[in-house]
Amino acid sequence: MKNIKYIILGWVVVFSAASCKKWLDVNTDPDNPNNTSVLIQNRVPWIEHFFQYTSGVSNFRTSVAAGVYYSNAATGNALATTWIAHTGNTTPYQQWFVTTASNLNDLYTSAQQQGAYHYMAVADVFHAMGFMLMLDIYGEMPYTQALTGNPSPGFDDGKTIYNGCLSKLNEAISLFSKTQESGAPALSTADMWNNGDVNKWIKLCWGLKARYMLRLSKKANLYNADSILYCLSKGPQSNADNTIGPCYNNSTATDYLIGDPVVTNGNWDYAAEGSNQRISQFHYNLLTNMRGAGVTDPRMSKIVPATMANIKLDANGKVIDYTWNRSIGVDSYNSQNAQNPLSLANRLAKGGATSIALESYAATNTNIIYAIIDATDRANFIAAQVAAGRPYTTSGNNVTVTYKAGSKYINSTNYILAGDTAYVNLRSCSLQYGTTGVNSEKELNWYPSVAAGAAGAIGSTGSFQVRPVSDQEILTYHEMCFIKAEVYMRKADNASAYTAYRAGLQAHLDMMQAKLTQWKAGGYNKSAVGFTIPDMEPMDQAAINTYLSSNAVAQDGGTLTMSDIMLQKYVAMGCSIENWNDMRRFNFSAGNVGAFGVVYPGYDHGPLFAGSSLYTGAGKTDPRYWMRRWKLPTTLELNYNLTNALAINAHANDANAWSIPIWWDCATDDEYYGYLKQ
Amino acid sequence: MRKLLYLRCLSIGLFLSFTCFAQERTITGSVISNVDNNPMTGVSVTVKGKNLTTQTNANGTFSITAAKGQILQFSYVGFTSYETTIGNSDRLEVTLTSLQTQLGEVVVTALGIKKERKALGYSVTDLSAQELMKNKNTNLVNSLAGKVPGVNVTQFSGAPGAGASITIRGGNSTSDSRQNQPLFVVDGVIYDNSTTVTGNTGTDGLSRSNTTYSNRVMDINPEDIESLSVLKGSAAAALYGSRAADGVVIITTKKGAEGKVSVNFNSKISTSWANKMPEAQTIFGPGSYASNGVLNTTNAYNSWGAKIPADSTLYDNIGDFFQQGAIYDNNINVSGGSKNGSFYLSGSNFKQTGIVPSTAYDKTTFRFNAEQKYGPLTLNANVAYSVAKTDRTLTTAGLYGSGVGSMQGVYGWPQTFNMKNYINPDGTQHRPYAGTLALENDIDNPYWIINQDKLTSQTNRFTGGINGNFKIANWWDITGRVGYDQYATNDYTYIAPGSALSLTYQKGRLSKDLYNYTYITTTVMSNFHKTFGDFDAHLMLGTTSENTKNVGQNHWGYNFVTAGTISFNNIATGNKFFTDATINKRLVGAYGEVGVSYKDLIYLTATGRNDWSSTLPIENRSYFYPSVSGSFVFTKLLPKNNILSFGKVRASWARVGKDANAYATLTYVNSPITIGSYTGIGNQYTSGNPLLVPEIQDSWEIGGEFRLLNGRIGLDYTYYHSQTQNQIAQPRLSNASGYILTSINSGSVINEGMEMAVTGKAISKKDFGWDVVVNFSHNKGRLGAFLPGVAYFYPTDAQFGTVKAASVPNGGYFLGMTGTIFLHELDSKGVEIPNGRYQVDPTTGLYKLNTNNPVVGNREPDFIGGLENSFRYKQFSLSFLLDIRKGGDVYNGTEYAMMVNGLSKQTLLNDRKSVTVTGVNSVTGADFNQTYTSGQNYTIGSTTQSGDYLIQQYWAAGGTVGSYANNSMNFITSVNWLKLRALALTYDFIGLLKNQTVIKGISATVTGSNLFTWTNYKGMDPEVSAAGGTGGSGSTGIDYLGVPAVSSFTFGINLKF
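Residues numbered from 1 in each chain as written. Chains lettered and ligands numbered in written order. Predicted model: local features only at pLDDT ≥ 70, side-chain atom pairs only at ≥ 80, totals over all residues. Heavy atoms only, no water.

**Student:** Could you give me a rundown of the sheet that holds strand 10 (residues 124–128) of chain B, with the residues and numbers involved?
**Tutor:** Residues and elements named next belong to chain B. Within the open sheet, the 5 strands sit side by side as 10-15-16-13-14. Their pairing is mixed. At either end of the open sheet lies a strand with only one pairing partner, and these are strand 10 and strand 14 (189–191). Averaged over all adjacent pairs, the angle separating strand axes in this sheet is 25°, with direction ignored. Inspection of the sheet shows strand 10 paired to strand 15 (residues 225–231) by 5 bridges, in the antiparallel sense. From the neighbouring strand, V124 faces strand 15, where its bridge partner is L231. (Pairing = 2+ DSSP bridges. Helix = DSSP H or I, 4+ residues; strand = E, 2+ residues; numbered from the N terminus. Axes fitted to C-alpha atoms, helices over the stretch in contact; angles between N-to-C directions.)

As structure tokens, then:
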């Protein structure tokens, strides 16, 4: 066989293609580090930031529900008007689990390997804060099987989650108290919140325990006043012990999931990044007429935004003179009646939009023709123009109004909307979300247009807690004081309650004053063209003194009511989920908790309420009349994990799941499990 | 070696000298085709063993000198070679048999191995160039529709450049990231057919559902294809390994034929139009009612307002938006060859403008194929280059949380607004509510999107392969192959300043994505073949390696500082971003096949393959899978007869393993963020899984092939069953895992079904012929066990209106669909009564909705089929292809959207003056019968609601209210269709070309595609896929605001020199 050479060659070729094992070792992404190699010092700032974001969205949406803010009926946050909830009820859930909680186990185990006990403790604290936040909002969720690698984790009830969070805080306290092994990185290299001050972290843990134990106020068998007071005694003792998330406006870098700036305040991202939010009438009343005293709170002008009005322009179209027009509150709770001329209901009765319109800026003289068929309305409308000093002409039903250059006006021919400039939106601008060309690190004011920005005509000065550079309040001394006041009130120790109530009010005023002073020193009180923004400057001490001694504040324990405590706490907490939590504990304005009467008077369904299928209770004392939780996120749990969701709560996907009380909102376990049963 | 050559020369010499003694004379004759009985031009006629060749002329006749006893060979591409021994006659009439029209011929099987069809234990369908070109579509995949049993093709949309999906015998994988599409192999090299979305909703707003994507097989010039074979079951495909579980489409491109150089040129021009558009009501204008009856007209795009006054101008915004599309298609090829070598060179350009203004597709291709023989060595090389460019538009919501796309705008724009008025004299967008609606809360005018934004995608692709075959001995040969597939896709997405986007992007936005795909493969195969008496045996051993590397780069930024310059250079540093993504996967396979046959009666084949994949954990990376198949030609045992001239039964079983996606074994972290002096790093939203094992598919099939009446009727039948277990998926699951997407091994997919093809030659006369091909197939896809606790499996990108594409675990539909439906009344045990009266929710006064994701449909057809008729009369030939589908649910999400925005004609019921809700009270069980009348007020729960509001709510309420729109069933149809997919009439001018030698052929063709669709579906074309290219159960059967499908009419000329 002469072709034997070929045959040999053939076999060589066939068997020479032996595989090389190394050649297959390419299954590691060259572009991204993996979760085992990341330093714990980098995990902590990430977790702190994304927790701020998670709590920001939770604070904002629950604040709209609690009446702190009004949000346009047309937007998904219309909880203050229609009570139809946002489909974005996914955001807190996804932000917590995906951006924040997914890092906790990696942080904990990496820290454990290095003997970095303080980092392990930080992981525990976030575990407790995050899962408690989710419990507050959603009631039940995967807990023991969450974050374990189980892709379809089963659910736990509220009681299990609550107890788990408390035990994590206990572990954290003991871990913080240990000395780290040598070589373990100091917490100060990673901690934006408390700069690694372990004592502040321990106080935070005790403070959180007090906050969470107060949640049990409806439960006769679990509520323990003395335990709460013990926790308070080990928690923050002054504003210096506050845990604050620092926020900046010095970068346009955005996060990977939602695309919001990473350095800014998490509340601002939701409450004041856009134009749809305003101060509610309910909140406004507390700042202007607490206890019916008719005294304006010194904090009012720092919380309620203002817009420039009566603007005069120079020859170059720049603002040379103006006044501040402070916003009024949007009344979305009260039905149409003569006593509330500004209620949305009264407005609606005349037809037109269900939402407040956004102001525009007239860079040049601008005419708008209004067709007003109703003669009385027309006369009133003309009278209003006369009062405002605006030129107008009439022709039949038509009224043509000239908005002079520099005016703020509503760019609509619907006369019903023309007065909406009275409502100033809460918006503040950041480097990224602003009027290009005007906004800078320290210029946070909102301008309605580029032309307004060029002229210096400010559209909104923003609100204290929800500016990009506002402190993100994680746990504060004033909250501790109000908890103490409530606990003593429940013990009928009015004198101690009064002391704590006054201390809480004072602490909040002090905290605000310190921040306002800091802003002024930092130059945030000047607009880009140099106008002074009084809203960013310290409060007038005389006004503070007047307020504190007025009837707006209880002057002794004898006259102090639970409502006084909770409404002062409401103002102090502001954009915080704690207000909605407290309101649930007092059944909103039902007045059927203890002998405390109506704690939140005036809070109710409004004329645009459209949630009759969500809140199916017959009347105020029926728990199902109110928003008690959020339905589980549709796209995350109801679509992808419904079997497990229904296994714990047969009504998890019912339309009226929104009104099912969560575990701590029930007096007994029987009541709670009764809601979840088929 | 030298001796061997000497021996060969000697034997040739002897043979030559022998032939000298024979009596030579001139033999004349003609050659006709069995397809149409027409004379065949250019057929090679060779005296066997003698260097003497001629070709038939334009009349199909030839003349050659030969002697009695010599053998004449007739050969022509695509036809079976024919040999005849010269007897006493000087005249020969030869009919050549097309490879296509005959069962029982040679087919191309896995790894390009040619086998006799009768030896196969599994089903293979092959198509010739002629079959494919009958309804030429620039996307090869579309040309397969209706022609191959078991193959289901769905075009994504009517936009130019839009791809199509193809599944064979149902989908096997539930995962989004696995497309369930067959492997394409071109000239032995795996050819990527991805539908790649380069961008994402964060950086450029691109998702599968909001613009046009091509499947990459579109890069092939269909005119270059010589033949195509579809390997359906895994037994057929097992040798291809991991990627063959969904079947294989093997494409062989053209070669030059021995003889003179020939040139083919064809040119086509075509016009296309939307075959059906949605209709809008023109009675009611913009506005919507609040619950207390206040009509809100501020900022209203929805048409729930007052009656449009009689003297108003109305605009046909939908009808005016679409234009006529056009196609110019030019192809040329040159081919030729000698005894030892051949070449084929082609070029083509396909230029299309779409029915949506500003959209277009432009594809240019080149190919060069060559083959050369050197003694026992045959070398061939194929290279192709293509440039494909798509001008596209956003069709639905583009950027995250902002605006809507053009089609969504078109189908919702109020009829009282002139949509064409989209721009102000100062160049800003004309917005009907500019004064009261901030830009970020507004929606873009569709004309603004198509005129101001610019979205393009360009792909340059190079593919090539070199094959060497060495015949070592007559029983042994070795084949070596190196293949290369490389393309670069450049996507460009520019959103103009002044678009309705979130504030950040209102000064314009630009994104550029580069996606570079590179695939290199090497194969060495050794074939042994020996005959032992009545036994014939073969053995094949081979190894292969594959290296796939994708590099993706995204650059994006926003806020152009100086208006008019659209460039990253015109964006401040802080506002521009870039990311890299690299994917590398490698695979080594070793395989073998052994086969034995006995007397052409029984054939048995077994294969085995072991793969080592880089994508699996090291301890699980090696996996082996076997197959066995056999066939039995039972007619060999029967007496020869004309009734059953051929009969064969076959059976096979196979297992195929499938590896994971690259990097799925680890969890990665995000880019760092900087806050003050701190740097934060955290996990990505996708989790890895270090425990992955290969996905395994087991399948079996049985079938038979029969030829009756001397082959006039052919019948092929297959029944199959497959189960794919350990599904590797990266689904969206509970976020409580800490991740949005999680890599898992779970669940199984089960497909079973049958396929049947009947071919018939009804009439076969010299001047008239009629051929019929009918095929039918049925598949039933089910999802087996899946993760405990997960009730549905949803592909992310296929959720529209109230429905979601869903696979339902534990025996439910693989192509299911969940939605929301009205609840029926309950019986005494609290169980819903099917077809009982509806429950009415007293808190809304409307029907009560079941929101627990009930299964509302199965998108899988009961059967699909095709009927192809070809007629020939003298120089005319006419063929038409009917595409048949019975059953399979389609959700009309476009009608849903128009219902919600108040443009649906259905909402005109009772002139919107009243609606009636009847059923039972969901709380008390009492009868409920209530008519809501315009102008009245009603107490609903604790609120008072106006009749106008309730009428609007009855139709269009969102959320969990039981409105007409929210009952998915109102928009679901079990669709049947009969489509005239293609109609072609050709006239061959060959008769006019006598007495000249330059032009060898000329013909003209008129074709129409999708000219008629008879269907019970009320919406647009029911062949829909709202998010083309989605993996898992995909998005077929969901119609949502897409570009309408088109019909077209084409005129073409073919010239041959």
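**Student:** Which residues make up the interface of chain B and chain A, and what values do they have?
**Tutor:** Counting residues at the interface gives 99 residues for chain B, matched by 96 residues for chain A. Carbon and sulfur atoms make up 59% of the surface buried where chain B meets chain A, a total of about 8200 Å² over both sides. In this assembly, chain B and chain A are joined by 2 salt bridges. The partner of D25 of chain A in a salt bridge is R621 of chain B, with the nearest N and O atoms 2.6 Å apart. There are 30 residue pairs in polar contact (both at pLDDT 80 or more) connecting chain B and chain A. At 7 residues, strand 28 (residues 576–598) of chain B tops the list of elements feeding residues into the side of chain B that touches chain A. Taken together, the residues of the side of chain B that touches chain A break down into 44 nonpolar, 46 polar and 9 charged. (Contact = heavy atoms within 4.5 Å. Buried area = accessible area lost by both parts, 1.4 Å probe. Salt bridge = Lys/Arg side-chain N within 4 Å of Asp/Glu carboxyl O. Polar contact = N/O pair within 3.5 Å; in protein donor to acceptor, adjacent residues only side chain to side chain. Nonpolar A, V, L, I, M, F, W, Y, C, P; charged D, E, K, R; others polar.)

**Student:** Outline the confidence of the model for chain B, listing residues and values.
**Tutor:** Considering every residue of chain B, the mean pLDDT works out to 88; 96% of them sit at 70 or more. Predicted confidence for residues 1–21 of chain B stays below pLDDT 50, and this span has 4 contacts to residues more than four positions away or in other chains. (pLDDT = per-residue confidence, 0-100.)

**Student:** Tell me about helix 22 (residues 669–676) of chain A, and name the residues and values.
**Tutor:** All names here are of chain A. Of all the positions in helix 22, only Y672, Y675 and L676 are classed as buried. On an axial view of helix 22, the arc spanned by its buried residues comes to 100°, and they lie on one face. Where helix 22 is buried, its residues contact helix 6 (158–176) and helix 21 (642–648). (Buried < 20%, exposed > 50% of the residue type's maximum accessible area, 1.4 Å probe, protein only. Arc of directions from axis to C-beta.)

**Student:** Now, about the environment of Q179 of chain B: what can you tell me, with residues and values included?
**Tutor:** All names here are of chain B. Residue position: Q179 is located in the loop between strand 12 (164–168) and strand 13 (183–186). In this structure, the C-alpha to C-alpha distance between Q179 and I166, residues 13 residues apart in sequence, is 9.3 Å. When neighbours within four sequence positions are excluded, Q179 is seen to be in contact with N193, S194, T195, R208, G1029 and G1031.

**Student:** I'd like a rundown of the environment of Y70 of chain A, residues and numbers included.
**Tutor:** All names here are of chain A. With respect to the secondary-structure elements, Y70 resides in strand 1 (residues 69–71). When its relative accessible area of 0% is taken as the criterion, Y70 is described as buried. With 159 residues separating them along the chain, Y70 and L229 place their C-alpha atoms 35 Å apart. Here the side chain of Y70 touches N72 through a polar contact of 3.2 Å, side chain to side chain.

**Student:** So what about the nonpolar core? Which residues, and what values?
**Tutor:** Counting 189 residues, the largest nonpolar core has Y69, F97, F131, F176 and Y600 of chain A as its most contacted members. Of all the elements, helix 5 (residues 117–138) of chain A adds the most residues to this core, at 17 residues. Setting aside residues no more than four positions away along its own chain, F176 of chain A makes contact with H118, A121, V122, V125, L187, V198, W201, I202 and C205 of chain A. A280, Y411, L437 and F928 of chain B belong to the second largest nonpolar core, which has 73 residues in total. (Core = buried A, V, L, I, M, F, W, Y, C linked by side-chain atoms within 4.5 Å.)

**Student:** Pulling in residues and values, what's your account of the pattern of salt bridges?
**Tutor:** All names here are of chain A. Within this structure, the stated rule accounts for 64 salt bridges over all chains. Taking the shortest distance from any N to any O, the salt bridge between D665 and R628 comes out at 2.8 Å. Note that D665 is positioned in the loop between helix 21 and helix 22 and R628 in the loop between helix 19 (577–585) and helix 20 (634–638), a separation of 37 residues in sequence. Across the pair, exposure class does not vary: D665 and R628 are buried alike. Each of the salt bridges in this network shares a partner with another, and the network as a whole consists of D136, R211, R215, E479 and E578.

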